[in-house]
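Each chain, letter by letter, is given below.
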Amino acid sequence: MVDIKSMTPEELAVWLKEQGEPAFRARQVFKWLYRGAASFEEMTDLSKALRRRLEETARLTPPEAARKQVSQQDGTIKYLWRLTDGNCVESVLMRYQHGNTVCVSCQVGCRMGCAFCASTIAGKVRDLTPAEMIDQVLWTQIDSGAPISNIVLMGIGEPLDNFDTVLRFLTLVNHPDGLNIGMRHISLSTCGLTEQIDKLAQYELQLTLSVSLHAPDDETRSKIMPVNRGIGVEKLVEVCSRYFERTGRRVSYEYAMIDGVNDADWQADLLAKRLWGVPAHVNLIPLNEVEESPLKPSRRVAAFQKRLEGHGVTVTVRRKLGGDIDASCGQLRREAMKET
Ligand code: SAH
């Protein structure tokens, strides 16, 4: 069975042509897929014979909303999607002034092992397919009625650990007949896989690369992010500078503030030193408490921000949305896993 929704329009055209279909058919089918058709039966402007043939040769994998939580505070919606094999992933709809944003997952679980993150506790189960990633955006849009203009790859999983799928996902959401979302409206967040950052740079995409830094010194970073061992902060920042030179896009550094771990003045000073002369933006994130982890949110966010600004670093503090629904990723899936 062909995973038809993971195909580009060009691939779809070739595949349909092999079956004797005219070229315009691909566009027709592609558009149905992005209108959210859950079966070939719904594609009413195709002949009955073609619809039957598609049913026999291709599969659609629409997810089912296993759970949905709506924030009473700010309209944030969190979805737990059940995939066709029974695995679950999460997406979050956030309503910002600059547009509705969906936070998308790219793997079932994660193998990166960051100490503060709920998504990695039970390891990685499998990669998602491009179709499974697209459907998170599409079904969030259909279910909520909120037109989606922005995407952040900050859900469950490490995007650069599922590189080819993520690249295909980006092509498809960006396509005018697909979701038509501009690259500048997409952020990709990574824990810092340097080889893959170099590889991504080759494509010169105009998306925003966010790097989860979380500590300026190797001792701390290696402790909370195993991926740092063998790479180190210095090399990571070097690779990110190279990324900027190649793509012209300033890298954004994420920094989750953890009490007594990465929030000291000397760490702000060292972070500023590391980023000296590097076009960068630092985004401080108040830590979301994860039940299984002893790490606590820092009480020094404002002081840390001020200290960085004193060194001339561009800093913002992430606004917390959906506080009443525990909207940070990975936690809903954990809850569901514990119950079954
Ligand atoms: N694997 C990617 C993307 C997924 S996580 C990455 O590491 O960047 C998206 C962001 O949320 C990352 O910056 C991650 O470090 C951060 N994050 C994970 N758990 C968190 C928590 N408990 N509190 C605050 N931020 C967290």
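All figures in this text were calculated on a predicted structure; none of them were measured in a lab.

Asks: Any chance you could explain the packing of aromatic side chains here in plain terms?
Replies: Aromatic ring pairs are described here by two measures, namely the spacing of the ring centres and the angle between the planes. Applying the stated criterion to the full structure yields four aromatic pairs. Each ring, one from F30 and one from Y34, has its centre 4.6 Å from the other, and the planes form 35 degrees; the classification is tilted. Taken together, the residues F30 and Y34, both in helix α2 (residues 24-34) and four residues apart, mark about one turn of the helix. With respect to burial, F30 and Y34 carry one shared label: buried. On the basis of an interplanar angle of 45 degrees and a centroid distance of 6.3 Å, the ring pair of F163 and Y203 is categorised as tilted. Of this pair, F163 sits in helix α5 (residues 163-174) while Y203 is found in the loop between α6 (194-201) and β11 (208-212), placing the two residues 40 residues apart along the sequence. A relative accessible area of 9% means that F163 is categorised as buried. If you follow R35 out to its NZ or CZ, it ends over the ring of W32, 4.4 Å from the centre. For the cation-ring pair, K199 lies above F163, with the distance from its terminal atom to the ring centre recorded as 4.2 Å.

Asks: Explanation requested: the sheet that holds strand β10 (residues 186-190) in the structure shown.
Replies: Within a sheet, each strand pairs with its neighbour through backbone hydrogen bonds, oriented either parallel or antiparallel. Read across the sheet, ten strands follow the order β3-β4-β5-β6-β9-β10-β11-β12-β13-β14 without closing on themselves; strand pairing throughout is mixed. Both outer strands of the open sheet, β3 (64-70) and β14 (315-317), are each paired with one neighbouring strand and no more. Between one strand axis and the next, the sheet turns through 25 degrees on average, direction left out of account. Here strand β13 (residues 280-286) runs beside β14; their pairing, made up of three bridges, is parallel. Within β14, the residue paired with L284 across the bridge is V317. Together, β3, β4 (77-82) and β5 (88-96) form the strand contacts of helix α11 (residues 331-339), whose direction differs from that of β4 by roughly 45 degrees.

Asks: Where do I start with the packing of α6 against helix α8 (residues 233-247) in this structure?
Replies: Helix-helix packing: each pair is described by the crossing angle between the helix axes and the interaxial distance. Orientation of α6 relative to α8, taken along the N-to-C sense of each, is 5 degrees, at an axis distance of 9 Å. Judged on the interaxial angle alone, α8 and α6 are roughly parallel. Here T194, I197, D198, L200 and A201 of α6 come into contact with α8, specifically with K235, L236, V239, R242, Y243, R246 and T247. In terms of residue class, the contact of α6 with α8 is made up of six nonpolar, two polar and four charged.

Asks: Is there a simple way to think about α8 in this case?
Replies: Each turn of an α-helix holds 3.6 residues, which means side chains three or four residues apart point in the same direction. In this model α8 runs 21 Å from its N-terminal to its C-terminal C-alpha over 15 residues, within 8% of the 21 Å that 1.5 Å per residue would give. Along α8, the positions that sit buried rather than exposed are V233, L236, V237, V239, C240, S241, Y243 and T247. In this structure, the buried side of α8 is in contact with α6, β11, α7 (218-224), β12 (251-257) and α9 (265-274). Following α8 by one or two positions, G248 has its phi on the positive side, about 75 degrees.

So, how was this worked out
- Residues numbered from 1 in each chain as written.
- Predicted model: local features only at pLDDT ≥ 70, side-chain atom pairs only at ≥ 80, totals over all residues.
- Heavy atoms only, no water.
- Phe/Tyr/Trp six-rings, centres within 6.5 Å; stacked < 30°, edge-to-face > 60°.
- Helix = DSSP H or I, 4+ residues; strand = E, 2+ residues; numbered from the N terminus.
- Buried < 20%, exposed > 50% of the residue type's maximum accessible area, 1.4 Å probe, protein only.
- Lys NZ or Arg CZ within 6 Å of the ring centre and 35° of its normal.
- Pairing = 2+ DSSP bridges.
- Axes fitted to C-alpha atoms, helices over the stretch in contact; angles between N-to-C directions.
- Contact = heavy atoms within 4.5 Å.
- Parallel < 35°, antiparallel > 145°, perpendicular 65-115°, else oblique.
- Nonpolar A, V, L, I, M, F, W, Y, C, P; charged D, E, K, R; others polar.
- Expected span 1.5 Å × (residues − 1).

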